[in-house]
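Report on the structure
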Amino acid sequence: MTAIRVAHAGVGGWGRNVARVAGELADLAWICDVDATRLAEYAKRYPEARTTGSFADALADEGVEAVTIATPVPTHHALAKQALEAGKHVFVEKPPAMHAEEMEELLALAQERGLVLMPGHLLLYHPGLRRVKELVDAGELGEVACVYGNRQNLGVIRSNENALWSLGVHDLSVILWLIGEDPIEVTAHGRDFLNKGVEDVVFCYLRFPSGKIAHMHLSWLDPHKMRKMTVVGNEKMVVFDDMEFERKVTVYEKGPWKQSAGYGEWQTRTGDIHIPKIDTSEPLRLECQAFLSLIAGEGDRGKVAEDGAMVVRALDRLTESLRA
Ligand SMILES: NC(=O)c1ccc[n+]([C@@H]2O[C@H](COP(=O)([O-])OP(=O)(O)OC[C@H]3O[C@@H](n4cnc5c(N)ncnc54)[C@H](O)[C@@H]3O)[C@@H](O)[C@H]2O)c1
């Protein structure tokens, strides 16, 4: 089978990882960046790829079937739109758009043209979180009551994006994917302690139609380095901890318990603690493989795009709440 020809845009801090994996799994035909110095560096590193400062050059190549975009967030919508209009499948880093209407436009365009639109929600391809999702979907935890994410550290202090946009998109994508519902209520509170107008500490609350609730603590002004997601069910509880090496996922057989329905006090039950073995494959590689599989007609491309739209809708509302 011939490899899919891909054009990649944006070889900054993260984009260079996406370019590397795209080069390993596909035919990296073009590299695009508006920074001439970075482009020159990449021309040496990938002599077979063509380099350009103009995305339109790469899109004009009819042999290019797909693009991967890892440019700054405010450019995502325009570049993804341009690529879809040129008939290319699109992988675009999170979030693909800054507003719900812009995301709807991309969704409609992809659907109309029969193209893949895949948002880069890396954590949805993390083997540890995929195990958590399997446990939730199989009903292993019983009825899920709440999900909460902790993404805290001291630094990296950003000045162009607040903690909700920089850190929160990751946890939000996981929460919405696990619960599978659009929230009916969202609130976000935060403060800009360091850079005016850029919230360093953000707390978010989400409530869903099924009654489930979720919370996110997002901060780069914190003593703990935490990358954690907790899912509380009425039969079991599970913790995903990305700071752990060997125990990424811990399943606690703990829960509330009543002697007979309707009577008696609530009691608690504690049982075994189980640590499943988690595959150590690189999430980015799994994510890029999923993109190529979608192009090959495997998987549900509509669902992948819609999952991204759910994130943008919630982000839009959380941002509104934060500003209010
Ligand atoms: N999935 C993850 O874990 C993860 C982690 C970090 C960043 N990201 C995402 O990756 C994206 C890029 O982040 P980064 O840290 O690499 O940013 P960066 O600022 O380091 O790099 C962005 C690059 O894009 C280039 N660029 C800007 N406008 C362009 C355009 N119109 N056409 C072509 N190139 C253009 C810049 O010159 C720069 O080289 C962001 O959307 C970010 O949210 C994802």
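Here the structure is shown first, and the text comes after it.
Residues numbered from 1 in each chain as written. Predicted model: local features only at pLDDT ≥ 70, side-chain atom pairs only at ≥ 80, totals over all residues. Heavy atoms only, no water.

Quick look at the packing of helix α4 (residues 73–85) against helix α5 (residues 100–113) now. Their axes nearest at 10 Å, the elements α4 and α5 cross at an angle of 15°. Comparing the axis directions of α4 and α5 gives the class roughly parallel. As for how α4 packs across α5, the hand of that crossing is left-handed. Residues H77, A80, K81, L84 and E85 of α4 pack against E102, E105, L106, L109, A110 and R113 of α5. (Axes fitted to C-alpha atoms, helices over the stretch in contact; angles between N-to-C directions. Helix = DSSP H or I, 4+ residues; strand = E, 2+ residues; numbered from the N terminus. Parallel < 35°, antiparallel > 145°, perpendicular 65-115°, else oblique. Left-handed = near helix turned anticlockwise from the far one by under 90°. Contact = heavy atoms within 4.5 Å.)

Turning next to the sheet that holds strand β11 (residues 221–233). The strand order across the open sheet formed by eight strands is β8-β9-β10-β7-β11-β12-β13-β14, and the pairing between neighbours is mixed. The open sheet is flanked by β8 (185–191) and β14 (267–274), the only strands paired with a single partner. Along the sheet, successive strands turn relative to each other by an average axial angle of 15°, direction set aside. Judged from the seven bridges that link them, strand β9 (residues 201–207) and strand β10 (residues 213–219) form a sheet pairing that is antiparallel. Bridge pairing links V202 to L218 in β10. Contacting β7 (144–154), β11, β12 (237–241) and β13 (249–257), helix α6 (residues 127–137) runs over the sheet at an angle of about 165° to β12. Its contacts with the sheet place helix α7 (residues 163–179) against β7, β9, β10 and β11, and it is angled at close to 155° to β10. (Pairing = 2+ DSSP bridges.)

What follows is about the packing of α6 against α7. At their nearest, the axes of α6 and α7 sit 10 Å apart, and the two run at 25° to each other. Between α6 and α7, the angle is such that the two are roughly parallel. Considering only the axes of α6 and α7, their crossing is right-handed. Contacts between α6 and α7 involve L129, R130, V132, K133 and V136 from the first element and V174, W177 and L178 from the second.

One pass over the full model with this rule turns up two aromatic pairs. Arranged with centres 6.0 Å apart and planes meeting at 15°, the rings of Y42 and Y46 form a pair that is stacked. Lying across the ring of Y42, R45 places its NZ or CZ 4.6 Å from the centre. The cationic tip of K133 hangs over the ring face of W177; the distance from NZ or CZ to the ring centre is 5.4 Å. (Phe/Tyr/Trp six-rings, centres within 6.5 Å; stacked < 30°, edge-to-face > 60°. Lys NZ or Arg CZ within 6 Å of the ring centre and 35° of its normal.)

Moving on to the pairing of β12. Along β12, four of the five residues are buried, which leaves the element largely enclosed by surrounding structure. Sheet analysis places β11 next to β12, joined by five bridges and oriented antiparallel. Bridge pairing in β12 places T230 opposite V239. As consecutive antiparallel partners, β11 and β12 are separated by three residues. With four bridges joining them, β12 and β13 adopt antiparallel strand pairing. Pairing of F240 across the sheet is with V249, part of β13. (Buried < 20%, exposed > 50% of the residue type's maximum accessible area, 1.4 Å probe, protein only.)

With that settled, consider the environment of V64. Within the fold, V64 resides in the loop between α3 (55–59) and β4 (66–69). Residue classification places V64 among the buried positions, given a relative accessible area of 2%. C-alpha separation for the pair V64 and R130, spaced 66 residues apart in sequence, amounts to 31 Å. Setting aside its immediate chain neighbours within four residues, V64 contacts R5, V6, A7, W30, A58 and K88.

It is worth spelling out the state of the cysteines at this point. Overall, the coordinates contain zero disulfides when judged by the stated rule. C204 supplies the cysteine sulfur nearest to C146, a cysteine that is in no disulfide, at a spacing of 15 Å. Its relative accessible area of 21% is what places C146 among the partly exposed residues. (Disulfide = S-S within 2.5 Å.)

Moving on, we get to unusual backbone geometry. That bond from K94 to P95 is cis: its omega, -20°, falls within 30 degrees of zero. Tracing the backbone shows P95 in the loop between β5 (89–93) and α5. Cis geometry is adopted by the peptide bond preceding V156, which originates at G155 and carries an omega value of -15°. Considering the arrangement of structural elements, one finds V156 in the loop between β7 and α7.

The quantities given are spatial measurements derived from coordinates; they are silent on function.
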